[in-house]
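# Understanding the architecture of this molecule
What follows is each chain in one-letter form.
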Amino acid sequence: AHFIFFPHDEGSSHEGANFGLYSHMWKAVRIANICIEKVNEGAPVEATPQQRNWLKGQALFYRAFWHYEFVRIWGTIPYIDTLIANGTEYDYMNRHWSYEKNGKTYNDCQAVFERIIDDMEAAADLLPSVWPDPIINWGRPTRAAALGYVAKALHNAASPLFNEYSKGLAEY
């Protein structure tokens with residue numbers, strides 16, 4: 001299957017469109033999803049298990065990071081955690097959706113924040129607390145950074161700004 005970026009990548013009918021930050025953020029999510037899929041398939045073959053964990057942890061971190069930025073800017077958005085095949089991009093564009101976790105149903109922004117929390121917690125389990133060579137690895141996400149975003153996502157999820165649309169109630 002030919003996979004395309006959602007929905008502005010090469011091969012898409014919107015290929016030439018430039019939607020600014022919106023397009024670039026979705027491309028970053030797509031890159032993270034490609035990385036996660038390839039690591040799950042066993043690539044890169046010459047990497048150690050620790051290196052694969054670090055790679056997957058970084059991809060999970062950045063996928064969640066970009067969704068976090070999305071939801072803060074635009075409110076409820078779809079959470080794209082898979083590669084999207086050509087012609088099916090709009091199957092994933094449900095702006096209003098639900099996510100069930102531990103017997104509780106989350107809607108819209110709350111659902112996005114719960115998915116962000118899931119990815120950031122998974123990233124925290126895979127990322128190092130300190131990278132081996134801080135000069136070469138400066139700026140890479142760490143376990144503490146991922147857990148910091150878990151806290152930020154929980155804080156935003158509790159905000160009346162996001163609760164109004166998810167629960168129909170603008171209160172804490």
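Not measured: the values here are computed from a predicted model. Starting afresh in each chain, residues are numbered from 1 along the sequence in its written order. Only residues with pLDDT of 70 or above have their local features reported here, since the model is predicted, and side-chain atom pairs are shown and tallied only from 80 upward, although totals for entire chains, interfaces and linings are computed over all residues. Side-chain descriptors were evaluated using all non-hydrogen atoms of the structure, hydrogens and water having been removed beforehand.

## Looking at the packing of aromatic side chains
In this scheme Phe, Tyr and Trp rings, the latter by its six-membered ring, pair at centre separations within 6.5 Å, and the angle between planes marks the pair as stacked below 30 degrees, edge-to-face above 60, and tilted otherwise. Tallying each qualifying case throughout the model produces 12 aromatic pairs. Considering the side-chain rings of Phe61 and Phe65, the 6.4 Å spacing of their centres and the 10° angle between planes classify their relative orientation as stacked. In this pair, Phe61 and Phe65 are both assigned in helix 2 (residues 49–74), four residues apart and thus about one turn of the helix distant. Here's how the labels work: a residue is buried when its accessible area is under 20% of the maximum for its type, exposed when over 50%, partly exposed in between, all with a 1.4 Å probe on protein chains only. Residue classification places Phe61 among the buried positions, given a relative accessible area of 6%. Centroid distance Tyr62 to Phe65: 6.4 Å. Interplanar angle 80°. Geometry classified as edge-to-face. For helices the rule is a DSSP run of H or I covering at least 4 residues; for strands it is a run of E covering at least 2, with both sets numbered from the N terminus onward.

## Some words on the pairing of strand 2 (residues 104–107)
By this definition, two strands are paired if DSSP reports at least two bridges between them. Taken together, the four bridges between strand 1 (residues 98–101) and strand 2 define a ladder with antiparallel strand orientation. The residue bridging Ser98 from the neighbouring strand is Asn107, located in strand 2.

## Topic: the pairing of strand 1
Only one face of strand 1 is buried: it carries Tyr99 and Lys101, and the other face, with Ser98 and Glu100, is open. Between strand 1 and strand 2, which pair antiparallel and follow one another directly, the connecting turn spans two residues, one of which, Asn102, has a positive phi of 55°.

## Some remarks on the side chain of Arg115
Residue placement: Arg115 occurs in helix 3 (residues 108–126). Pairs of residues are marked as contacts when any of their non-hydrogen atoms sit within 4.5 Å. If we ignore the near neighbours within four places in the chain, the residues touching Arg115 are Tyr79, Asp81, Trp97 and Tyr99.

## Comments concerning the environment of Arg140
With respect to the secondary-structure elements, Arg140 resides in the loop between helix 3 and helix 4 (143–157). Considered as a pair, Arg140 and Val130 are 10 residues apart in the sequence and their alpha carbons are 9.5 Å apart. If we ignore the near neighbours within four places in the chain, the residues touching Arg140 are Gln58 and Trp131. Whenever a nitrogen or oxygen atom comes within 3.5 Å of another N or O atom, the pair is scored as a polar contact, on the condition that within protein one atom can donate a hydrogen and the other can accept it, and that pairs from neighbouring residues in sequence are kept only if both atoms are in side chains. Among the polar contacts listed, one links the side chain of Arg140 to the side chain of Gln58, at a separation of 2.8 Å. A distance of 2.8 Å separates the side chain of Arg140 from the side chain of Asn137, its partner in a polar contact.

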